[in-house]
Amino acid sequence: METIKSYKVPINAPKDLIKAYFEIKKKTLNEILKHINYSKHGKAHLKFGREDRRRLRNKLLKNWEYAKHYVDSAINSVISLVKSWITLHNKGRAKKPPSITRKTVYIKTTLFKVKDNKIRITIKPRQYLEVDLSKFSYLPKDYDRIGGLILQENKLIITFKKNVEVKNVKDCASFDANLTNVTGYINGRIVRYDLRKLYHIHRVYEEKRRRIQKLDKTKPKTSKRLMEKYSRREWNRARDIMHKLTTGIARMLTSLNHGVILEDLKNIKERTLRKGKDFNRKISKWNARTFQYMLEYKLRWLGLPVKYVNPAYSSQTCPLCSGRLTAYGGRLMKCTRCGFIWDRDVVAVLNLRMRGLRGCPERGRGIHEQGSVDADAPQSLHRQIKAYAG
Ligand SMILES: [Zn+2]
């Protein structure tokens, strides 16, 4: 299985190339939009054949001083932009016509070479931009190859690729990320990672934004600049905390040889919409998505399986007797059948584990090798739950 990891490195990009590329993308878009036909029911359809492409390419190559591959890459990226717009449009979900907004250059593999840990990007014929990867200690060294690059004004985004065999794991941990913590069930224990520091950061920046908003009328430009600056800092700090947490968990799961069970967030609405305040809901959602996203790609890179299970009712079902849980003040829930009092987050990870265990690990024999662990799992889990409860 191929896995990928993307990293940013700071660089001084050739501004003239970025500008020229932005311009030809806009020209390309104007040209391609002329090739959209609409049916009488208003459905869009792109008719842009090989001959149209050749003509457009020749037109764009006039006075083009950079490597020719950039023109091809611009045409390709605009075509895929238009195609995804058409899909949206035909579903009735496109609000605005497509436009080119971001000044990014996609550099396909034909435009660079990797040698001695250095990337050499062709800008013009015989003019190169060299990026020495050994200068950035945080970049992975255990990769097989480098995929496409994305060039922006002050950074280069590098995609590393690696072929990984999914390991036969001994067991799976389960995690649930919330507004103020990540709760996990790891190797028979409930573990809780505090996210209150992260929550506090968001609160501080929320307060800053409120103050900046007062400048909106008198100094709109300053207000906008400050908003952007603070919001960039806020999310950088938040991402930083999540990176540290998920890297730590990935390391621990590697040493335990455990996979992971997470909740399928497609159904996130069911659980978060009832959680009150917009601000908290937004943070809670971001925490859950970012935690999963980061943990998943880190584990896949290490060959550990990641499994998603449907969380429906997982916060309302008693892990001991499957009875219905009702609110019992604060974060607590009480079982209407057996009377057990639970912590809400603990209920979620235990139920995720029960649901996910049957199919985890994803591939190979894993836990099945130890005999009929599959059938015993719920029982041994019950023993562990009782140990936790006691
Ligand atoms: Zn119960």
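Criteria and cut-off values
Residues numbered from 1 in each chain as written. Predicted model: local features only at pLDDT ≥ 70, side-chain atom pairs only at ≥ 80, totals over all residues. Heavy atoms only, no water. Salt bridge = Lys/Arg side-chain N within 4 Å of Asp/Glu carboxyl O. Helix = DSSP H or I, 4+ residues; strand = E, 2+ residues; numbered from the N terminus. Buried < 20%, exposed > 50% of the residue type's maximum accessible area, 1.4 Å probe, protein only. Pairing = 2+ DSSP bridges. Axes fitted to C-alpha atoms, helices over the stretch in contact; angles between N-to-C directions. Donors = N, O, S within 2.8 Å, 3.2 Å for Na, K, Ca; no water. Tetrahedral: all angles 85-135°; square planar, octahedral: opposite > 155°, others 65-115°. Contact = heavy atoms within 4.5 Å. Core = buried A, V, L, I, M, F, W, Y, C linked by side-chain atoms within 4.5 Å. Domains from an automatic or database assignment. Expected span 1.5 Å × (residues − 1). Arc of directions from axis to C-beta.

Naming follows an unreviewed UniProt entry, where the protein chain appears as Transposase, IS605 OrfB family of Staphylothermus hellenicus.

Participant: Would you mind going over the pattern of salt bridges with me for this structure?
Facilitator: Opposite charge on two side chains lets them pair, provided their charged atoms get close. Within this structure, the stated rule accounts for 22 salt bridges. Residue Arg353 pairs with Asp171 through a salt bridge whose shortest N-O separation is 3.4 Å. Of this pair, Arg353 sits in helix H8 (residues 344-357) while Asp171 is found in strand E10 (residues 171-177), placing the two residues 182 residues apart along the sequence. A single burial state applies to Arg353 and to Asp171, both of which are buried. Taken together, the salt bridges that share partners define one network made up of Glu206, Glu207, Arg209, Arg210 and Glu234.

Participant: What should I look at first to understand the sheet that holds strand E7 (residues 127-132) in this one?
Facilitator: Hydrogen bonds along the backbone pair up the strands of a sheet, which may run parallel or antiparallel. Sheet architecture is open: three strands sit in the order E5-E6-E7, paired in antiparallel fashion. Every other strand in the sheet has two partners, leaving strand E5 (112-115) and E7 as the edge strands with one partner each. On average, each strand axis in the sheet is inclined to that of its neighbour by 25 degrees, with strand direction left out of account. Strand direction decides the pairing type here: E5 and strand E6 (residues 118-124), joined by four bridges, are antiparallel. Bridge pairing links Lys115 to Lys118 in E6.

Participant: Please clarify how the coordination of the zinc ion should be interpreted in this entry.
Facilitator: Ideal geometry at a metal centre: 109.5 degrees between donors when four sit tetrahedrally, and 90 or 180 degrees when six sit octahedrally. For the zinc ion, every protein donor is listed as Cys318 (SG), Cys321 (SG), Cys335 (SG) and Cys338 (SG), and the spread of their distances is 2.2 to 2.3 Å. Here the zinc ion binds four donor atoms, and the angle range of 98 to 116 degrees at the metal identifies the geometry as tetrahedral. All donors to the zinc ion come from one chain, and their sequence spacing reads C-x2-C-x13-C-x2-C. Of this pair, Cys321 sits in the loop between strand E14 (306-309) and strand E15 (325-327) while Cys338 sits in the loop between strand E16 (332-335) and strand E17 (341-343), placing them 17 residues apart in sequence.

Participant: Would you mind going over the environment of Tyr38 with me for this structure?
Facilitator: Residue placement: Tyr38 occurs in strand E2 (residues 36-38). Judged by its relative accessible area of 48%, Tyr38 falls in the partly exposed class. In this structure Tyr38 touches Lys43, Ala44, Trp85 and His89, once residues within four positions along its chain are discounted.

Participant: What should I look at first to understand the nonpolar core in this one?
Facilitator: Note that soluble globular proteins tend to have their nonpolar side chains buried in a common cluster. Tyr70, Ile121 and Leu151 are the most contacted members of the largest nonpolar core, which has 52 residues in total. The dominant element in this core, judged by the number of residues it contributes, is helix H3 (residues 69-90), at nine residues. In terms of domain composition, this core takes at least three residues from each of domain 1 (10-105) and domain 2 (110-163). Leaving out residues up to four positions away in the same chain, Tyr70 has contacts with Leu17, Tyr21, Ile24, Trp64, Val105, Ile107, Leu111, Ile121, Thr122 and Ile123. If you look at the next biggest cluster of nonpolar residues, it comprises 33 residues, including Leu198, Ala238, Met242 and Met294.

Participant: I would appreciate a short explanation of helix H2 (residues 50-61) in the present structure.
Facilitator: Given 3.6 residues to a turn, an α-helix orients residues that are three or four positions apart in the same direction. Taking 1.5 Å per residue, twelve residues should reach 16 Å; H2 reaches 16 Å between its end C-alpha atoms and fits that length. Here H2 has its buried residues at Leu56, Leu60 and Leu61. Looking down the long axis of H2, one finds its buried residues gathered within 130 degrees of arc, a one-sided arrangement. Facing away from the buried side of H2 by more than 90 degrees, the exposed set consists of Arg55 and Lys59. Of the surrounding elements, those touching the buried residues of H2 are helix H1 (15-33) and H3. Asn63 lies just past H2 and shows a positive phi near 65 degrees.

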